[in-house]
Amino acid sequence: MHPAAEHSPLGKSSEYISTYTPSLLFPIPRAAKWAELGLSAETLPYTGVDFWNCFELSWLLPSGKPVVAIGEFSIAADSPNIIESKSFKLYLNSLNQTVFADTQSLEATLRTDLSAAAGKPVGVRVPPPAGEAGGGGAALGGGCTKTKKKTQKKKKKPPPGKARIKETPTMEERAKTPPKKNPPPPPPPPGGGGATQQNNKKKHQPPRMFDEEVSPPPPTQRKEGGGGIFLDLQRLLKPEKLTVYARYVRRGGLDINPYRSTEAVPFQNLRLARQ
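Residues numbered from 1 in each chain as written. Predicted model: local features only at pLDDT ≥ 70, side-chain atom pairs only at ≥ 80, totals over all residues. Heavy atoms only, no water.

Enquirer: Explain helix α2 (residues 85-93) residue by residue, including any values.
Expert: What α2 keeps buried is the set S85, S87, F88, L90, Y91 and L92. Where α2 is buried, its residues touch β2 (47-60), β3 (66-76), β4 (81-83), α3 (103-118) and β10 (254-261). Taking the backbone nitrogen of K86 as reference, a side-chain oxygen 2.9 Å away marks E84 as the first, capping residue of α2. (Buried < 20%, exposed > 50% of the residue type's maximum accessible area, 1.4 Å probe, protein only. Helix = DSSP H or I, 4+ residues; strand = E, 2+ residues; numbered from the N terminus. Contact = heavy atoms within 4.5 Å. Polar contact = N/O pair within 3.5 Å; in protein donor to acceptor, adjacent residues only side chain to side chain.)

Enquirer: Lay out the nonpolar core in plain terms, naming residues and giving numbers.
Expert: Generally speaking, a soluble globular protein has its nonpolar side chains buried in company with each other. Among the nonpolar cores identified, the biggest contains 27 residues, and L57, F73, L92, L110 and L114 are the most heavily contacted of them. Broken down by secondary-structure element, the contributors of at least two residues to this core are β2, β3, α2, α3 and β10. Per element, the largest residue contribution to this core is five residues, and it comes from α3. Setting aside its immediate chain neighbours within four residues, L114 contacts L25, F73, I83, F88, Y91, V122 and V124. Within the second largest apolar cluster, 15 residues are counted, among which are W34, L37, Y46 and L242. (Core = buried A, V, L, I, M, F, W, Y, C linked by side-chain atoms within 4.5 Å.)

Enquirer: I'd love a proper account of the pattern of salt bridges, names of residues and values included.
Expert: Within this structure, the stated rule accounts for six salt bridges. Across the pair R260 and D50 runs a salt bridge, and its minimum N-O distance is 2.9 Å. In this pair, R260 sits in strand β10 while D50 sits in strand β2, placing the two residues 210 residues apart along the sequence. Linked by salt bridges that have partners in common, R30, D50 and R260 make up one network. (Salt bridge = Lys/Arg side-chain N within 4 Å of Asp/Glu carboxyl O.)

Enquirer: Describe the side chain of S261, and please don't skip the residues or the numbers.
Expert: Here S261 shows up in strand β10. Here E263 takes part through its backbone nitrogen, which lies 3.0 Å from a polar atom of the side chain of S261. In this structure S261 touches Y46, T47, F230, L242 and T243, once residues within four positions along its chain are discounted.

Enquirer: Describe the pairing of strand β9 (residues 241-248), listing the residues and the values that go with them.
Expert: Most of β9 sits inside the fold, with seven of its eight residues counted as buried. Relative to β10, β9 runs antiparallel, the two sharing three bridges. The partner of V244 across the bridge, within β10, is R260. Between β9 and β10, which pair antiparallel and follow one another directly, the connecting turn spans five residues, one of which, G252, has a positive phi of 65°. (Pairing = 2+ DSSP bridges.)

Rendered as structure tokens:
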């Protein structure tokens, strides 16, 4: 556990606060975890974001009518702080009896409070209750590592009189793992999750995923967040490009989903069917 988390509400009995209280948010510096991985804010080998989804966001209209919606939050992977998950939930619960003139006012308040805690602007979206977020969910790309079979193509001999040109073409590999159920210590939050990774590598290096047997097996993948998994795969596969996207089953109405990539490409806050 991060030393700062000892002073957080995690693992302690907490009084339910039903009035708006932004001071409930408990920021935890990322620097200690980065240092543990041999990184710093200036040497991160990836870009990305942490997607937080709240499925029980509620507040009051000026008429006193309660509103229930889904809140979507995106916190940059290089933000100075993460927000301790239980404090995040307590803060969101404090909005239950708070009046907001409209959804835009709520989003502005959330954006201000969460950005102050994270140390960097946080994206906030509260879609309409009947919006697309309530659908049946999406699917991660790639074949499942539990069922994929590797095939090896026979090498063709060059025609007589033709010199063989040695090439090392690259290939793209995309794979995913099924949800895991063993509870890791926080952070990240306990619960199941699925992850997908995409990488380009030399053809002579067979693709190996982090839930397959390797020698020696990476010791941290079921305890690490997106950054730890990313570094494990980067050291193991040495890809030219790498993307890791983990989707975790929510607890207490809140899920946290890290996305890490060497590529500055658009990413989407998917919702899997099991989420």
